[in-house]
Amino acid sequence: MDAWVDCLSYLDDPSAEMSSIHIQRGQPLSLVIDNAQDFKRRCPEQFEALVECAAFVNWRVVVAGGTPLLALAFNV
């Protein structure tokens, strides 16, 4: 998950070459999790890690003076 956090922390900085997906500064990337309720039930540790890591990515960027990069949306 450390690598996932590192890569997603630079979504708005293409020059960092951390991912092939990029967003414009101030425009968060929406991660839509289909069947989220089932995912949470079947894989509670992975679900929790996803939520915590997305929150950490956003925290890391906000502390550095930026705006959140990720938005999680759960389809139940």
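Higher on the page you've got the structure.
No experiment lies behind these values; they were computed from the predicted model shown.

### Observations regarding the nonpolar core
Line of reasoning, step 1. Core analysis: the largest hydrophobic core is formed by 10 residues, namely Val5, Leu8, Leu11, Ile23, Cys53, Ala54, Val57, Val61, Leu69 and Leu70.
Line of reasoning, step 2. Per-element tally for this core: the top contributor is helix H3 (residues 44-63), with four residues.
Line of reasoning, step 3. Discounting chain neighbours no more than four positions away, the residues touching Leu69 are Leu8, Ser9, Tyr10, Leu11, Asp12, Ile23, Pro28, Leu29, Val57, Asn58 and Val61.

### Digging into the environment of Asp12
Line of reasoning, step 1. Mapped onto the elements, Asp12 comes out in the loop between helix H1 (2-8) and strand S1 (29-33).
Line of reasoning, step 2. Residue classification places Asp12 among the buried residues on the basis of a relative accessible area of 14%.
Line of reasoning, step 3. The spatial distance from the C-alpha of Asp12 to the C-alpha of Pro28 is 8.9 Å, given a sequence separation of 16 residues.
Line of reasoning, step 4. Sequence-distant contacts of Asp12, defined by excluding residues within four places in its chain, comprise Ile23, Gln24, Arg25 and Leu69.
Line of reasoning, step 5. A distance of 3.4 Å separates polar atoms of two side chains, one belonging to Asp12 and the other to Arg25.

### Some remarks on the environment of Phe56
Line of reasoning, step 1. Of note, Phe56 is situated in helix H3.
Line of reasoning, step 2. Exposure remark for Phe56: the relative accessible area of 37% places this residue in the partly exposed category.
Line of reasoning, step 3. Sequence-wise, Phe56 and Asp38 are 18 residues apart; in three dimensions their C-alpha atoms are separated by 24 Å.

### Comments concerning the pattern of salt bridges
Opposite charge on two side chains lets them pair, provided their charged atoms get close.
Line of reasoning, step 1. One pass over the full model with this rule turns up four salt bridges.
Line of reasoning, step 2. Asp12 is the salt-bridge partner of Arg25, the closest N and O atoms lying 3.4 Å from each other. Placement of the pair is Arg25 in the loop between H1 and S1 and Asp12 in the loop between H1 and S1, with a sequence separation of 13 residues.
Line of reasoning, step 3. Arg25 sits in the exposed class, given a relative accessible area of 61%.
Line of reasoning, step 4. Between Arg42 and Asp38 there is a salt bridge, with its nearest N and O atoms 2.8 Å apart. Of this pair, Arg42 and Asp38 both sit in helix H2 (residues 36-42), four residues apart, roughly one helical turn.
Line of reasoning, step 5. With a relative accessible area of 29%, Asp38 lands in the partly exposed category.

Calculation rules
- Residues numbered from 1 in each chain as written.
- Predicted model: local features only at pLDDT ≥ 70, side-chain atom pairs only at ≥ 80, totals over all residues.
- Heavy atoms only, no water.
- Core = buried A, V, L, I, M, F, W, Y, C linked by side-chain atoms within 4.5 Å.
- Buried < 20%, exposed > 50% of the residue type's maximum accessible area, 1.4 Å probe, protein only.
- Helix = DSSP H or I, 4+ residues; strand = E, 2+ residues; numbered from the N terminus.
- Contact = heavy atoms within 4.5 Å.
- Polar contact = N/O pair within 3.5 Å; in protein donor to acceptor, adjacent residues only side chain to side chain.
- Salt bridge = Lys/Arg side-chain N within 4 Å of Asp/Glu carboxyl O.

Honestly, it's all geometry; don't read function into it.
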